[in-house]
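Spelled out from the first residue to the last, the chains are:
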Amino acid sequence: MSLFDSSNAAYVQALYEEFARNPEAVPDEWRNFFAQGAEVAREAGLIVPEALVEADLDERAPASAAPATATAAALAEAESVRRLFPVVARAAAYLQAFREHGHQRAQIDPLGSEPPGHPQLDPSFFGTSREELEEIPASVVLGSDTHETLSAALLRLEKAYCGSVGYEFEHLEDPDRVSWLWEQVETGAHTQPLPEQEQLALLKRLTEVEGLEQFLHKAYLGQKRFSIEGTDMLVPMLDLAIEGAAEQGAEQIVMGMAHRGRLNVLAHGVCVPYDEVIGEFEGGAPEGGSLYVPDPGTGDVKYHHGAVGTHEVPGGGQVTVRLAPNPSDLEFVNPVVMGMARARQYSGDGRDAVRDPSRVVPILIHGDAAFAAEGVVAETLNLARLEGYTTGGTIHLLVNNQIGFTTSPRDGRSTRYSSDLAKGYDVPVVHVNADDPEACLSAMRLGMEYRRRYHDDFVIDLVGYRRHGHNEGDEPAYTHPRTYERIRAHPTVRTVWAETLVGRGVATAEQVEAIRDEVGERMRAAQEKARAAAAERGDEPQPDLDDAPAVAPPTTPVVGLETLTEINEAAVRVPDGFTVHPKLARQLSRRTDGFGPEAPVDWGHAEALALGSLLAEGIPVRLSGQDSQRGTFSHRHMVLHDVETGEEHLPLDHLGDARLEVYNSPLSETAALAFEYGYCVAVDRDMVLWEAQFGDFVNVAQPILDQFISSGRAKWNQHARLTLLLPHGYEGQGPEHSSARLERFLQLCAEDNIRVVYPTTPAQYFHLLRSQAHSPEERPLVVMTPKSLLRLPQATSQVRELAQGGFSSVIDDPDTGGRRDSVTRLVLCSGKFFYDLELSGRRDEATHTAIVRVERLYPFPTDELADVLAGYPALTEVFWAQEEPRNMGALSFVGPRLRAVVPRSVPLRYVARPERASPAEGKGADHVAKQAGLVSEALALEGPGG
């Protein structure tokens, strides 16, 4: 290492100050430099201590640079050092300029645009010249044993930093990482020359990549495929990443990408057979294949599909490669892949299961315009080092077309590079010319080694171009005529590499053509196979599914009182010497005092017992969300904190052998929810819950709800048991934090895709969580959870209700007793509004009214509700009552379904706030008045039928 490395500045300054106090305490090599005087020190960028400002050089020289016994040769050497000191300082700064700014001179654009350069990449900026630097041994600045001159060393470093690869890692905070990256680049450790056999293999691979695209372009002219052409080296780079991961012990690769180049990655990265890929152009992939989506399902377009395949590794061995399906919202798959990767990194379900990041490597393939512009990218990068989300490093590959649809970089981002966002997260960035195959492979080699060594993210910006328009039917010259004039005249990377090998004598022109012909023949054979499969399959339409199929209740094991007692004791147990906050200690003690069949159980208590019971049964539990360890409303306290030491303790973690994870998420909804969805997709048994701080926060994650959670099964046959906990209810706190937008979830419901519930009791919540974990049908569960009910005495259950029965989709009015024949008015409602009705203070006056709770809104409990209605023979009217406005809440969803259940002779009416643009009132007094009016209207306190 150089004595003048920027990362050593503080150390050098400290030595200089020590030299001012006691020259003998400083090592000889530093003493010789420091003895040259204050003026020279300032030139080197040092702050001169006051003790040296007036010091005479000759007075210090005998003690440091030239002892009295020095020979004439030693004195001459000291004089040489004194004279060269300023030059060395300038040379060191010039060297550092290559490290910091060399990427701005690198030839990274295959279309040949002139790099911007940087003033510091000229020695004159530092007041020196190449000729002056000829006098200095490189070892003085580089700190190595090299015998070359500094001028020769700088030429070598200029080639390393300003060739086809541009490096950005000076922004890293860890000096060890910076030094390691310097060494890799400046010694060329990652730029291994390819043996001739591998050069030929690379030619074959590039021919396959190009051959698939050109075959599809000719055979299916005008059909969209979003080709890879212009960044063809993506596939060989993925090959190297997969092989490198296998060498490092990986068993699986999990990848995510947008549509650009996806068909090529499916065929070559995931090893989906050509006939399946081509079959997508012939009417659909064959049944049972990697891309086939069985009934029920609508499927998806060919360039959104995911797949799982086996990648053969040279020298023996296999790696499972998974490409996650992705919708048109380009970057939203990123956190999904992160969740999938983390889940698969565990070696088992037990509490002591080890998560080994080397087992599964996540790779994310980005678009350049999307990486710079979509906020989910930043959210995903922020997850990378967080305890509950880290995956041991992700390889990020930017497929850089230098254009987004029709938008130029100058209109698409405010930064020089599309990758600049990553620098804010302390991630190294390498820019590489997509037309230099060897440079591309060296960049990937460096990235994989960095991940192995530091277990952290790495970004490779693959700078290429887009040979066609945004899709193959688009005319790009409308908006970028000059760019596409150059592209049309530009040879493909396969052509460039073939010419290189012929020039090196590694291959002949005849060999190049033979490889191309062989690939073309394979494509034609695959097409014939795909057409034969399509003809055999015919053109049978998919059957339509019923809107709400009958759902058999899952067989959920009953948790007996004795077991509940054991779980309850474990849920509050703390280690000896652990000090719980006094207020919390009193709260927890109430959960154990008098615990028995009649003991009250609130929501937080019921949840702890439910999750504890799952852990005791060997089912792993993962709960995350903003402030979920404690709970937004201080109701959960699943993680306890010692008030004296700050130590954390998870009481339930010591219950059974299953793994428990409880994490406070960052202030993110989109990436955090997508991560948990991906985690669910990758596991079979785990109970995974994500909680919004307030229900309306989930609005920010709408793309994840729309494009993954609600439709992933229909589009891609992707199953997930994810549970969403969304605090919902009107308490006079204003428009926000009132509504979790129940209506939006219900609008997404179809084809038995999700479960939506709005329970009213802790016992219902207990049974709901357990049935979700034990259900053989993996479906996302959306729960409208309470806020004010968390501590409402009337909204409690008894322990015996947990130890018997199960979740009820409909709860009949228990207070009608023997007067059911006199009930003329039936009010149907869900969730928190039930207590507004029940506890209004005038409930007893409504003797003609019964209140029935619809706890499960989807799948809609048609049969259960019909059975309840049959028990009220004198009904003259049925109301759906809700506190949300008429255009919100469940009304628009349940209305037609109720009409199908309620006899036509009975009027069906509604109680709700008027249609509004905003969910709730902004003033507390307005809320109270409106709520009271809704209650009176629902209970018809003015008399039957009034």
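Residues numbered from 1 in each chain as written. Predicted model: local features only at pLDDT ≥ 70, side-chain atom pairs only at ≥ 80, totals over all residues. Heavy atoms only, no water.

Trainee: Got a minute to help me understand helix α9 (residues 150-161) in this structure?
Mentor: Every α-helix carries 3.6 residues per turn, so stepping three or four residues along brings you back to the same face. The end-to-end C-alpha separation of α9 is 16 Å, in line with the 16 Å expected for 12 residues at 1.5 Å each. Those residues of α9 lying buried are Leu150, Ser151, Ala153, Leu154, Leu157, Glu158 and Tyr161. Looking straight down α9, one finds that the buried residues subtend no more than 155° of arc, so they occupy a single side. (Helix = DSSP H or I, 4+ residues; strand = E, 2+ residues; numbered from the N terminus. Expected span 1.5 Å × (residues − 1). Buried < 20%, exposed > 50% of the residue type's maximum accessible area, 1.4 Å probe, protein only. Arc of directions from axis to C-beta.)

Trainee: What should I look at first to understand the nonpolar core in this one?
Mentor: It is characteristic of soluble globular proteins that their nonpolar side chains tend to be buried jointly. In this structure, Leu673, Leu724 and Leu726 are the most contacted members of the largest nonpolar core, which totals 141 residues. The element that contributes the greatest number of residues to this core is helix α27 (residues 670-682), accounting for 10 residues. Discounting chain neighbours no more than four positions away, the residues touching Leu673 are Trp690, Val698, Ala701, Ile704, Leu705, Ile709, Leu722 and Leu724. With 103 residues, the next largest nonpolar core counts Ala153, Leu212, Ala285 and Leu501 among its residues. (Core = buried A, V, L, I, M, F, W, Y, C linked by side-chain atoms within 4.5 Å. Contact = heavy atoms within 4.5 Å.)

Trainee: Even after reading the chapter, I still don't get the sheet that holds strand β19 (residues 810-811), so can you show me in this structure?
Mentor: By way of backbone hydrogen bonds, the strands of a sheet pair with one another, either parallel or antiparallel. The strand order β19-β21-β20-β23-β24 describes an open sheet built from five strands, whose pairing is mixed. What marks the edges here is a single partner per strand, and that holds for β19 and β24 (908-913). (Pairing = 2+ DSSP bridges.)

Trainee: How should the pairing of strand β4 (residues 318-323) be read in this particular structure?
Mentor: Looking at chain direction, strand β2 (residues 252-257) and β4 are connected through four bridges and run parallel. The residue bridging Val254 from the neighbouring strand is Arg322, located in β4. The turn joining strand β3 (residues 307-312) and β4, which pair antiparallel and follow one another in sequence, is formed by five residues; a positive phi near 90° is taken by Gly315.

Trainee: What exactly am I supposed to notice about the packing of helix α11 (residues 196-219) against helix α12 (residues 234-247) here?
Mentor: Think of two packed helices as two axes; the pair is described by the angle between the axes and how far apart they sit. In contact at an axis separation of 9 Å, α11 and α12 are set at 125° when each is read in the N-to-C sense. Here α12 runs oblique to α11, going by the angle between their axes. The crossing of α11 and α12 is right-handed. Contacts between α11 and α12 involve Leu202, Arg205, Leu206 and Val209 from the former and Val235, Pro236 and Asp239 from the latter. A per-class count over the contact of α11 with α12 returns five nonpolar, no polar and two charged. (Axes fitted to C-alpha atoms, helices over the stretch in contact; angles between N-to-C directions. Parallel < 35°, antiparallel > 145°, perpendicular 65-115°, else oblique. Left-handed = near helix turned anticlockwise from the far one by under 90°. Nonpolar A, V, L, I, M, F, W, Y, C, P; charged D, E, K, R; others polar.)

Trainee: Sorry, what's going on with the packing of aromatic side chains here?
Mentor: The geometry of an aromatic ring pair is captured by two quantities: the separation of the ring centres and the angle between the planes. Applying the stated criterion across every chain yields a total of 19 aromatic pairs. Here Tyr167 and Phe169 contribute two aromatic rings whose centre-to-centre distance is 6.2 Å and whose plane-to-plane angle is 55°, an arrangement assigned as tilted. Across the pair, exposure class does not vary: Tyr167 and Phe169 are buried alike. Measuring from centroid to centroid gives 5.5 Å for Tyr450 and Phe458, while their planes differ by 50°, and the two rings are tilted. Taken together, the aromatic side chains of Tyr94, Phe98, Phe125 and Phe126 make up a single cluster linked through ring pairs. Seen from the ring of Trp182, Arg99 lies directly overhead, with NZ or CZ sitting 3.7 Å from the centre. (Phe/Tyr/Trp six-rings, centres within 6.5 Å; stacked < 30°, edge-to-face > 60°. Lys NZ or Arg CZ within 6 Å of the ring centre and 35° of its normal.)

Trainee: Please explain helix α23 (residues 509-537) as it appears in this structure.
Mentor: Under the 1.5 Å per step criterion, the end-to-end length of α23 is 43 Å for 29 residues, consistent within 8% with the ideal 42 Å. For α23, the full list of buried residues reads Val512, Ile515, Val519, Gly520, Met523, Ala526, Gln527, Ala530 and Ala534. The inward-facing, buried residues of α23 contact α11, α14 (274-279) and α22 (493-504).

Trainee: Help me out: how do you make sense of the pattern of salt bridges in this one?
Mentor: Opposite charge on two side chains allows them to pair when their charged atoms are near. Per the counting criterion, the structure on display carries 43 salt bridges. Of the charged contacts in the structure, one is a salt bridge between Arg105 and Glu158, with a shortest N-O distance of 2.5 Å. With Arg105 in the loop between α6 (72-101) and α7 (130-133) and Glu158 in helix α9, this pair connects stretches of sequence that are 53 residues apart. Given a relative accessible area of 26%, Arg105 falls into the partly exposed group. With its nearest N and O atoms 2.5 Å apart, the salt bridge here joins Glu449 to Arg452. On the criterion of helical spacing, the pair formed by Glu449 and Arg452 is a turn pair, its members being three residues apart in helix α20 (residues 437-454). Residue Arg452 is classed as partly exposed on the basis of its relative accessible area of 39%. Each of the salt bridges in this network shares a partner with another, and the network as a whole consists of Arg342, Arg622, Arg659, Glu661, Glu676 and Asp686. (Salt bridge = Lys/Arg side-chain N within 4 Å of Asp/Glu carboxyl O.)

Trainee: What am I meant to see in the confidence of the model for the chain here?
Mentor: Caution applies to low-pLDDT regions: their predicted coordinates should not be interpreted in detail. Across the chain, pLDDT averages 88, with 90% of residues at or above 70. Low confidence marks residues 1-8, where pLDDT is under 50. Its contacts with residues over four positions away, or in another chain, come to 22 contacts. Every residue in residues 56-70 is under pLDDT 50, and counting partners more than four places away or in other chains gives 25 contacts. (pLDDT = per-residue confidence, 0-100.)

Trainee: Is there a simple way to explain the side chain of His101 in this structure?
Mentor: The topology assignment puts His101 in helix α6. His101 sits in the buried class, given a relative accessible area of 14%. Contacts of His101, omitting those with residues within four sequence positions, involve His118, Gln120 and Leu121.

Trainee: Even after reading the chapter, I still don't get the sheet that holds strand β17 (residues 781-785), so can you show me in this structure?
Mentor: Taken in spatial order, the seven strands line up as β13-β10-β14-β15-β17-β16-β22 in an open sheet, and their pairing is mixed. Because the sheet does not close on itself, it has two edges, and the strands there are β13 (660-664) and β22 (856-858). Taking the axes of each pair of neighbouring strands and ignoring which way they run, one obtains an average angle of 20° across the sheet. Direction of pairing for strand β16 (residues 755-757) relative to β22: antiparallel, over a ladder of two bridges.

Trainee: How should I be thinking about the layout of surface pockets in this particular structure?
Mentor: The probe, sized like a water molecule, is rolled over the atoms to show the empty space still left. Here the largest pocket defines a volume of roughly 910 Å³. Forming the walls of the largest pocket are 28 residues, and the residues nearest its centre are Glu198, Asp239, Leu240, Glu243 and Pro314. Of the residues assigned to the lining of the largest pocket, the class counts are 13 nonpolar, six polar and nine charged. (1 Å grid on protein atoms, 1.4 Å probe; cavity = no way out; pocket = protein on both sides within 12 Å on 5 of 7 lines; lining within 4 Å. Points joined across faces, edges and corners; volume = space filled by probe spheres on them.)

Trainee: How should I be thinking about the environment of Leu667 in this particular structure?
Mentor: Along the chain, Leu667 falls in the loop between β13 and α27. Using a relative accessible area of 73% as the deciding quantity, one classes Leu667 as exposed. With 42 residues separating them along the chain, Leu667 and Gly625 place their C-alpha atoms 8.6 Å apart.

Trainee: It is not clear to me how the packing of α9 against helix α10 (residues 175-187) should be interpreted in this structure. Could you clarify?
Mentor: At a minimum axis separation of 8 Å, α9 and α10 run at an interaxial angle of 105°. Accordingly, the angle class assigned to the pair α9 and α10 is roughly perpendicular. On the side of α9, the interface is formed by Arg156, Leu157, Ala160 and Tyr161, while α10 contributes Trp182, Val185 and Glu186. Looking at the contact of α9 with α10, its residues break down into five nonpolar, no polar and two charged.

Trainee: Hey, could you run me through empty space enclosed by the protein in this one?
Mentor: Counted by the stated rule, this structure contains five cavities of 30 Å³ or more. Empty space within the largest cavity amounts to approximately 100 Å³. Within the residue set of the lining of the largest cavity, elements represented by two or more residues are α26 (603-616) and β15 (723-727). With three residues, α26 is the largest single contributor of residues to the lining of the largest cavity. Across the lining of the largest cavity, the residue classes break down as seven nonpolar, three polar and three charged. If you add up the space inside the second largest cavity, you get close to 80 Å³. Lining the second largest cavity are Ala571, Leu588, Arg591, Gly604, Glu607, Ala608, Arg636, His637, Met638, Pro651 and Leu652. Secondary-structure elements contributing two or more residues to the lining of the second largest cavity are α25 (582-592) and α26. With three residues, the top contributor of residues to the lining of the second largest cavity is α26.

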